[in-house]
Amino acid sequence: MTRTPVNVTVTGAAGQIGYALLFRIASGHLLGADVPVKLRLLEIPQGLKAAEGTAMELDDCAFPLLRGIDIFDDPNKGFEGANVALLVGARPRTKGMERGDLLSANGGIFKPQGKAINDNAADDIKILVVGNPANTNALIAQAAAPDVPAERFTAMTRLDHNRAISQLAKKTGAPVTDIKRLTIWGNHSATQYPDIFHAEIAGKNAAEVVGDEQWLADTFIPTVAKRGAAIIEARGASSAASAANAAIDHVHTWVNGTAEGDWTSMGIPSDGSYGVPEGLISSFPVTCKDGKYEIVQGLDVNEFSRARIDASVRELAEERDAVRELGLI
Ligand SMILES: NC(=O)c1ccc[n+]([C@@H]2O[C@H](COP(=O)([O-])OP(=O)(O)OC[C@H]3O[C@@H](n4cnc5c(N)ncnc54)[C@H](O)[C@@H]3O)[C@@H](O)[C@H]2O)c1
Ligand SMILES: O=C(O)C[C@H](O)C(=O)O
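Residues numbered from 1 in each chain as written. Chains lettered and ligands numbered in written order. Predicted model: local features only at pLDDT ≥ 70, side-chain atom pairs only at ≥ 80, totals over all residues. Heavy atoms only, no water.

Colleague: Could you give an account of the overall build of the protein chain, with specific residues and numbers?
Modeller: Counting secondary structure elements, the protein chain contains 11 helices and 14 strands. Here the C-alpha radius of gyration of the protein chain, 19 Å, is about what a compact globule of 329 residues would show, namely 20 Å. Taken over the C-alpha atoms alone, the protein chain extends approximately 50 × 50 × 40 Å along its principal axes. Classification of the 329 residues of the protein chain by burial places 53% in the buried group. Residue pairs at least 24 apart in sequence account for 72% of intrachain contacts in the protein chain once pairs closer than 6 positions are excluded. Of the roughly 14,700 Å² of accessible surface on the protein chain, a fraction of 49% belongs to carbon and sulfur atoms. With 32 positive and 41 negative side-chain charges, the protein chain shows a spacing of 3 Å between the two charge centroids. (Helix = DSSP H or I, 4+ residues; strand = E, 2+ residues; numbered from the N terminus. Rg over C-alpha atoms; globule rule 2.2 N^0.38 Å. Buried < 20%, exposed > 50% of the residue type's maximum accessible area, 1.4 Å probe, protein only. Contact = heavy atoms within 4.5 Å. Areas by Shrake-Rupley, 256 points an atom, 1.4 Å probe, with all protein chains shown as cover. Lys, Arg positive; Asp, Glu negative; His and termini not counted. Charge placed at Lys NZ, Arg CZ, Asp CG, Glu CD.)

Colleague: Run through the UniProt feature "domain: Lactate/malate dehydrogenase C-terminal" (unreviewed entry) in the protein chain, naming residues and quoting values.
Modeller: Under the present numbering, the feature "domain: Lactate/malate dehydrogenase C-terminal" (unreviewed entry) in UniProt falls on residues 157–323. Segment residues 157–323 splits into 47% helix and 19% strand. End C-alpha atoms: 21 Å apart. (UniProt positions renumbered as here; feature names shortened; annotations may be inferred.)

Colleague: If you had to explain the confidence of the model for the protein chain to someone new, which residues and values would you point to?
Modeller: Per-residue confidence for the protein chain gives a mean pLDDT of 96, with 100% of residues at or over 70. Reported for the predicted complex are a pTM of 0.98 and an ipTM of 0.99. (pLDDT = per-residue confidence, 0-100.)

Colleague: Describe the side chain of T9, and please don't skip the residues or the numbers.
Modeller: When you line up the elements, T9 lands in strand β1 (residues 6–11). In this structure T9 comes out as buried when scored by relative accessible area, which is 0%.

Colleague: So what's going on with the UniProt feature "domain: Lactate/malate dehydrogenase N-terminal" (unreviewed entry) in the protein chain? Residues and values would help.
Modeller: When the UniProt feature table is mapped onto this chain, "domain: Lactate/malate dehydrogenase N-terminal" (unreviewed entry) is found at residues 7–146. Span residues 7–146 is 43% helix and 19% strand, its end C-alpha atoms 21 Å apart.

Colleague: Requested: an account of the site of ligand 1, with residues and values cited.
Modeller: Of all residues adjacent to ligand 1, which total 22 residues, the nearest are Q16, I17, E43, V130 and N132. Taking G15, its main chain carries an N or O atom lying 3.3 Å from an oxygen atom of ligand 1. Here an oxygen atom of ligand 1 sits 2.6 Å away from a polar atom, N or O, in the side chain of E43. If ligand 1 stood free it would expose 860 Å²; the protein chains cover 82% of that surface. Mapped onto the shell around ligand 1, the elements with two or more residues apiece are α1 (16–26) and α4 (99–120). Of the residues in the shell around ligand 1, the class split is 11 nonpolar, 10 polar and one charged. (Near = heavy atom within 4 Å. Polar contact = N/O pair within 3.5 Å; in protein donor to acceptor, adjacent residues only side chain to side chain. Nonpolar A, V, L, I, M, F, W, Y, C, P; charged D, E, K, R; others polar.)

Colleague: Just give me the short version of the pairing of β1, but keep the residues and values in it.
Modeller: β1 sits mainly inside the fold: six of its six residues count as buried. A two-sided burial pattern is seen for β1, the buried positions comprising V6, V8 and V10 on one face and N7, T9 and T11 on the other. Of the crossover connections in this fold, the one passing from β1 over α1 to the parallel strand β2 (residues 37–42) is right-handed. Inspection of the sheet shows β1 paired to strand β4 (residues 84–87) by four bridges, in the parallel sense. Within β4, the residue paired with V10 across the bridge is L86. (Right-handed = clockwise from strand over helix to strand, strands pointing away. Pairing = 2+ DSSP bridges.)

Colleague: For the nonpolar core, give the residues involved together with the corresponding values.
Modeller: Within the largest apolar cluster, 41 residues are counted, with the highest numbers of intra-cluster contacts made by L168, L182, I196, F220, F284 and V286. Those elements that provide at least two residues to this core are α6 (158–172), β8 (183–185), α7 (206–210), α8 (213–225), β12 (264–269), β13 (281–289), β14 (292–295) and α11 (303–325). Setting aside chain neighbours within four positions, we find F220 in contact with A164, Q167, L168, P194, I196 and W215. With 33 residues, the next largest nonpolar core counts F63, L86, L128 and V130 among its residues. (Core = buried A, V, L, I, M, F, W, Y, C linked by side-chain atoms within 4.5 Å.)

Colleague: Before we move on, can you summarise helix α10 (residues 241–256) with the specific residues and values?
Modeller: For α10, with 16 residues, the first-to-last C-alpha span of 22 Å sits near the 22 Å given by 1.5 Å per residue. Taken together, the buried positions of α10 are A243, A244, A246, A247, I248, H250, V251, T253 and W254. Downstream of α10 by one or two residues, G257 has phi in the positive range, about 100°. (Expected span 1.5 Å × (residues − 1).)

Colleague: Describe the site of ligand 2, and please don't skip the residues or the numbers.
Modeller: Around ligand 2, the structure places N132, R163, H188, G228, I232, S238 and S239. With respect to ligand 2, the side chain of R163 contributes an N or O atom lying 2.7 Å from an oxygen atom. Out of a free accessible area of 270 Å², ligand 2 has 73% covered by protein chains. Its residues assigned to classes, the shell around ligand 2 comprises one nonpolar, five polar and one charged.

Colleague: I'd like a rundown of the environment of S166, residues and numbers included.
Modeller: Examined against the element boundaries, S166 turns out to sit in helix α6. For S166 and T177, which are 11 residues apart along the polypeptide, the C-alpha to C-alpha distance reads 9.9 Å.

Here it is, written out as structure tokens:
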């Protein structure tokens, strides 16, 4: 049977993450090795030429699953018929830029893109926001798309999730494949909380295996939470290949499901679970099945975790209030 190609829109396609992402989408890593894709690349006018160059390289790979590449600078066209949208292009913080300026500049991108998704995307659209501040950009886009079910707007914390697994594997000597049920709570920012209290290493409780709360508080959490800044410091540019890899993981898991007995972390609109105010786009432990996700319920949240989840959620609420004041939501 020949499958209808899935339309995947990528914004910021000519950027660093875009370059690391597009070839993996085209080779079947986003949706599955038997799912043909059509790429729709959205850029600003200054990015079009570079996007065309990337499209030439994609052609030159002769990917069996790639059924077409179109390039746009108009969001309405870029999101036309999109089944999956990866919102990567964003306005980075520049020197001297205040937080309000950053939110406002990104509002100018994510509000029109949300509206364009609302008006043009396919009914089954799934959206992942990667561009920072990812959670609040997702909130802005979602608010501009009242006809799209709110839960289709998600923000990326899978990179944080993967970073936390890797740090835990290094500390304990376990292979990454032995580590399950790790959770990132809150915002994709330095306030995020990587939680190992429910995580397992080869079936044993991870916090008990580590047995070192000082390492947890003083090394593990800050290392994961500040990893993005450490990469920028070392590379002179923000993480690109690992971010692209996480975006692939996020969508692949959402579409194809979590493994039995495991869960992942996604920034999703809160339904009020775990005391996170309804509507905030916050990271939660989720399981995925049949293209839908569900928050893992019933986890005990100890005092150590509660304080950290609350701090990150407070920051999300402040960002929401700021974009509300700017009239972006
Ligand atoms: N959530 C995460 O875990 C995570 C991780 C790493 C990076 N990021 C963020 O991802 C974003 C992209 O990173 P990058 O390294 O690819 O940046 P980059 O500057 O290399 O590329 C961004 C691209 O977006 C394009 N762009 C800007 N505005 C656009 C618009 N309105 N429509 C379409 N395209 C637009 C630019 O022309 C550029 O080509 C940044 O905001 C970065 O902070 C998020
Ligand atoms: O681009 C950044 O500010 C950092 C990025 O979000 C990351 O976590 O690597």
